[in-house]
Amino acid sequence: MIDPFANTGPAALSRQDESEGRLEVGARLKVVREQNGLSQRELAKRSSVTHSSISMIEQGQNSPSVSSLEKILSGIPMTLAQFFICDPDNASQVVYRSSELIGQQKQYDQLIVQDIPQKSVYSGISLQKFILLCLADIGAIPQLSNQAVSGLVVSGQLELTANTHVSLLHAGDAFSLSAQQPYRLRNLSSATHCELLVCKA
């Protein structure tokens, strides 16, 4: 028998949707907060809201207004748009600190090569940091790459010989070589290293 007074009408459904919406926002806020290494108290302090307000939102007991949520997110900081479009389930590492990258360096005589991590090994593109030590020369015999090579000088000076053209590149200068184009790299300085970012595709 159907109870005619049971809360199964539009009002009840609306309350259920509202409850689920609060839980979704709260659960999302908790994940975002934890991924940014913040406790509820720290986030409350940063955003000038009460600790209990954040706790209630995360537990789905309170639904924040747009302005309240915006104020809380300012303590991360994160915009409303980023908060709702982000995928909390896809929280893989995206930032690599210099201390982590140093462990991935490989030294070849006067050249240090450091791979920059990438998510897809199938992209066919690699990004590396090259450090040419003082007076480093990759070799009198020109190098040939099976891939196109582009580079950006980050610091120091670099002498680039590409085919028959010799150029001196300074910090901020870049080069782009096609596949199988002969090249030679030299650091002519006896006092400073030359650092460059190299992309191969």
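One can find the structure itself at the top, above this paragraph.
Keep in mind it's a predicted model, so treat the numbers as computed, not measured.

Caption draft 1: Representation of the sheet that holds strand S5 (residues 157–162) in the model. Strand order in the open sheet formed by three strands is S6-S5-S8, and the pairing between neighbours is antiparallel. Sheet topology places strand S6 (165–170) and strand S8 (183–186) at the edges, where each strand pairs with a single neighbour. Neighbouring strand axes in the sheet, compared pairwise and without regard to direction, differ in orientation by 20° on average. As judged from the six bridges shared by S5 and S6, these two strands associate in the antiparallel manner.

Caption draft 2: Summary view of unusual backbone geometry. A cis amide bond links Ile76 to the next residue, Pro77, at an omega of -10°. Topologically, Pro77 is positioned in the loop between helix H4 (66–73) and helix H5 (80–85). Unusually for a residue other than glycine, Ser48 sits at a positive phi of about 60°. Take Ser48: it is sitting in the loop between helix H2 (40–47) and helix H3 (51–58). Take Ser48: its relative accessible area is 54%, and that puts it in the exposed class.

Caption draft 3: Focus on the side chain of Gln40. Here Gln40 is to be found in helix H2. Gln40 sits in the buried class, given a relative accessible area of 18%. A polar contact is formed between the side chain of Gln40 and the side chain of His51, at a distance of 3.0 Å. Ignoring any residue separated from it by four or fewer positions in sequence, one finds Gln40 in contact with Arg33, His51, Ile54, Ser55 and Glu58.

Caption draft 4: Local environment of the packing of H2 against H3. One can describe the packing of H2 onto H3 by two numbers: an axis separation of 8 Å at closest approach and a directional angle of 120°. For the element pair H2 / H3, the angle class is oblique. Classified by chirality, the crossing of H3 by H2 is right-handed. Of H3, the residues touching H2 (which contributes Gln40, Arg41, Leu43, Ala44 and Ser47) are His51, Ile54, Ser55 and Glu58. In terms of residue class, the contact of H2 with H3 is made up of three nonpolar, four polar and two charged.

About the thresholds
Residues numbered from 1 in each chain as written. Predicted model: local features only at pLDDT ≥ 70, side-chain atom pairs only at ≥ 80, totals over all residues. Heavy atoms only, no water. Pairing = 2+ DSSP bridges. Helix = DSSP H or I, 4+ residues; strand = E, 2+ residues; numbered from the N terminus. Axes fitted to C-alpha atoms, helices over the stretch in contact; angles between N-to-C directions. Buried < 20%, exposed > 50% of the residue type's maximum accessible area, 1.4 Å probe, protein only. Polar contact = N/O pair within 3.5 Å; in protein donor to acceptor, adjacent residues only side chain to side chain. Contact = heavy atoms within 4.5 Å. Parallel < 35°, antiparallel > 145°, perpendicular 65-115°, else oblique. Left-handed = near helix turned anticlockwise from the far one by under 90°. Nonpolar A, V, L, I, M, F, W, Y, C, P; charged D, E, K, R; others polar.

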